[in-house]
Amino acid sequence: MDIVKIIGIGLIGVIIIIILGQYKPEFALYISLIIGVLVFFLVADKLSGIINLLSNLSNQASINKEFIVILLKITGIALLTEFAVSVCKDSGETAVASKIDFGAKIIMVSISIPIISSLLETILKILP
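Residues numbered from 1 in each chain as written. Predicted model: local features only at pLDDT ≥ 70, side-chain atom pairs only at ≥ 80, totals over all residues. Heavy atoms only, no water.

Caption draft 1: The arrangement of the pattern of salt bridges in detail. What the rule picks out here adds up to two salt bridges. Across the salt bridge formed by D2 and K46, the nearest N and O atoms sit 3.0 Å from each other. Here the residue D2 occupies a position in helix α1 (residues 2-23), and K46 occupies one in helix α2 (residues 27-61), the gap between them amounting to 44 residues. Overall, K46 belongs to the partly exposed group, its relative accessible area being 45%. The residue D101 makes a salt bridge to K105 at a minimum N-O spacing of 3.5 Å. Pair noted here: D101 and K105 are both in helix α4 (residues 94-111), with a separation of four residues, about one helical turn. A residue is classified by how much of its surface remains accessible, and D101, at 30% relative accessible area, is partly exposed. (Salt bridge = Lys/Arg side-chain N within 4 Å of Asp/Glu carboxyl O. Helix = DSSP H or I, 4+ residues; strand = E, 2+ residues; numbered from the N terminus. Buried < 20%, exposed > 50% of the residue type's maximum accessible area, 1.4 Å probe, protein only.)

Given below as structure tokens:
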């Protein structure tokens, strides 16, 4: 099970951070980044499976592929942002973390404009 591997990596990483933190606190951030990268590689194949599933479903449902691409971009931005924000918070930089979070939200809204405008056009067609 992948979750057992992820939890194991996380717990081992925390133990290493605690032990190294006593002698070399500057290495704690590096260990945290390594843990994040390892977890990402463990779930990367799951992400490709999700992308393939969504692509197949969009083909079957005749959904505009552009919308699926936009949703996947927004999801990717959200995941990467969460990782970056967590790293910033772990290193004690909450102000930087909030700026990254704010910037990502603005980018996600701007990317979603085609979906929003299409939805509004559909609603206007339905209304008398």
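Picking up where we left off.
Caption draft 2: Examining helix α3 (residues 65-90) more closely. Between its terminal C-alpha atoms α3 stretches 38 Å, which fits the 38 Å expected from 26 residues at 1.5 Å a residue. Among the structural elements, α2, α4 and α5 (113-126) are those in contact with the buried residues of α3. Structurally, the start of α3 carries an N-cap: the backbone nitrogen of E66 is 3.0 Å from a side-chain oxygen of N64. Backbone geometry just downstream of α3 places G92 in the positive-phi region, at approximately 85°. (Expected span 1.5 Å × (residues − 1). Contact = heavy atoms within 4.5 Å. Polar contact = N/O pair within 3.5 Å; in protein donor to acceptor, adjacent residues only side chain to side chain.)

Caption draft 3: Here's a closer look at the packing of α1 against α2. Close contact between α1 and α2 brings their axes to 9 Å; oriented N to C, the two are set at 175°. Accordingly, the angle class assigned to the pair α1 and α2 is roughly antiparallel. Of the residues in α2, those touching α1 at D2, K5, I6, I9, G10, G13, V14, I16, I17 and L20 are F27, A28, I31, S32, I35, L38, V39, L42, V43 and K46. Looking at the contact of α1 with α2, its residues break down into 14 nonpolar, three polar and three charged. (Axes fitted to C-alpha atoms, helices over the stretch in contact; angles between N-to-C directions. Parallel < 35°, antiparallel > 145°, perpendicular 65-115°, else oblique. Nonpolar A, V, L, I, M, F, W, Y, C, P; charged D, E, K, R; others polar.)

Caption draft 4: Main features of the environment of I15. Here I15 shows up in helix α1. Residue classification places I15 among the partly exposed residues on the basis of a relative accessible area of 47%. Sequence separation between I15 and L124 is 109 residues; the distance between their C-alpha atoms is 57 Å.

Caption draft 5: Summary view of the packing of α3 against α5. Where α3 contacts α5, the axes come no closer than 9 Å and their chain directions differ by 135°. One finds that α3 runs oblique with respect to α5. Of the residues in α5, those in contact with E66, F67, I70 and L71 of α3 are P114, I115 and S118. Class assignment for the residues of the contact of α3 with α5 results in five nonpolar, one polar and one charged.

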